[in-house]
Amino acid sequence: MNNASILVVEDDPPISNLITTTLKAHGYRHIPASNGETAIMLAASNRPDIMLLDLGLPDCDGVEVIKKVRTWSEMPIIVISARSDDRDKIEALDSGADDYLTKPFSVEELLARIRATIRRLSSAVTADAKFVNGELTIDYAAGSVFLAGEELHLTPIEYKLLCILAKNVGKVLTHTFITRSIWESAWESNVGSLRVFMATLRKKIAPLPDSPQYIQTHVGVGYRMIKID
Ligand code: CA
């Protein structure tokens, strides 16, 4: 996660520049947004690892952004605001923000909060060395996949695809999210390729007509891995 992508929602250009320059200098990728509507759109399409959010936005209250994003994402949200009133902090946190910084803030403090958030995200990932769902097992450390104890031979893209679905088990993942995760882009041709890889992956993890169907198709939307009891 040393190249975590961070969505910076801030309408004040000098502050936005300070934050993005700091992030760039420390090797983070950043996506700028200067209003709430753009922030919500970019949060959905780019799936950044972390959101830094100003509460006083030109088109809406930042709390509204938190509430909307929380309906579909657990991405850590760090609020950065000039409001120092506790009620504002509580409202932001109750709405689902993860952390809170009050302006004026020091760059060191901001970086410390980001590092803490990334440590939490990384430990959440490494805590699960194995993924088990029904007869399907992914050994992340070994990069191997087993079906009822038999090792499957997956291509690198099939493996990546399976891991993305497994790490988001129960969530519907859009074509854009999946193709960006695999190819770091979301061209139409990739959606076509995705269908082909998904079909071959499905045959491998559900080889028989009565095999459990681990992957659900949401036509026009994407795919979901179902948790099998
Ligand atoms: Ca502002």
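Residues numbered from 1 in each chain as written. Predicted model: local features only at pLDDT ≥ 70, side-chain atom pairs only at ≥ 80, totals over all residues. Heavy atoms only, no water.

**With respect to the overall build of the protein**
- The number of helices and strands found in the protein is eight helices and 12 strands.
- Overall size of the protein, expressed as C-alpha extent along the three principal axes, is 60 × 35 × 30 Å.
- Out of the 229 residues belonging to the protein, those deemed buried represent 43%.
- Once the 25 positive and 29 negative side-chain charges of the protein are each reduced to a mean point, those two points are 4 Å apart. (Helix = DSSP H or I, 4+ residues; strand = E, 2+ residues; numbered from the N terminus. Buried < 20%, exposed > 50% of the residue type's maximum accessible area, 1.4 Å probe, protein only. Lys, Arg positive; Asp, Glu negative; His and termini not counted. Charge placed at Lys NZ, Arg CZ, Asp CG, Glu CD.)

**What to know about the pairing of strand β8 (residues 144-147)**
- Examined bridge by bridge, strand β7 (residues 136-139) and β8 share four bridges and lie antiparallel to one another. Bridging from a neighbouring strand, Leu136 pairs with Leu147 of β8.
- Here β7 hands over to β8 after four residues, with Gly143 in that stretch at a positive phi of 70°.
- Taken together, the three bridges between β8 and strand β9 (residues 150-152) define a ladder with antiparallel strand orientation. Within the sheet, the bridge partner assigned to Phe146 lies in β9 and is Glu151.
- Hairpin connection of β8 to β9: two residues between the antiparallel strands, including Ala148 at a positive phi of 50°. (Pairing = 2+ DSSP bridges.)

**Overview of the coordination of the calcium ion**
- At 2.2 to 2.4 Å from the calcium ion lie its protein donor atoms, namely Asp11 (OD), Asp54 (OD) and Gly56 (O).
- Mapped onto the sequence, the donors of the calcium ion take the spacing D-x42-D-x1-G. On the criterion of sequence distance, the pair formed by Asp11 in the loop between β1 (5-9) and α1 (13-25) and Asp54 in strand β3 (residues 50-54) is long-range, its members being 43 residues apart.
- Among the residues examined, Asp11 registers a relative accessible area of 32% and is labelled partly exposed. (Donors = N, O, S within 2.8 Å, 3.2 Å for Na, K, Ca; no water.)

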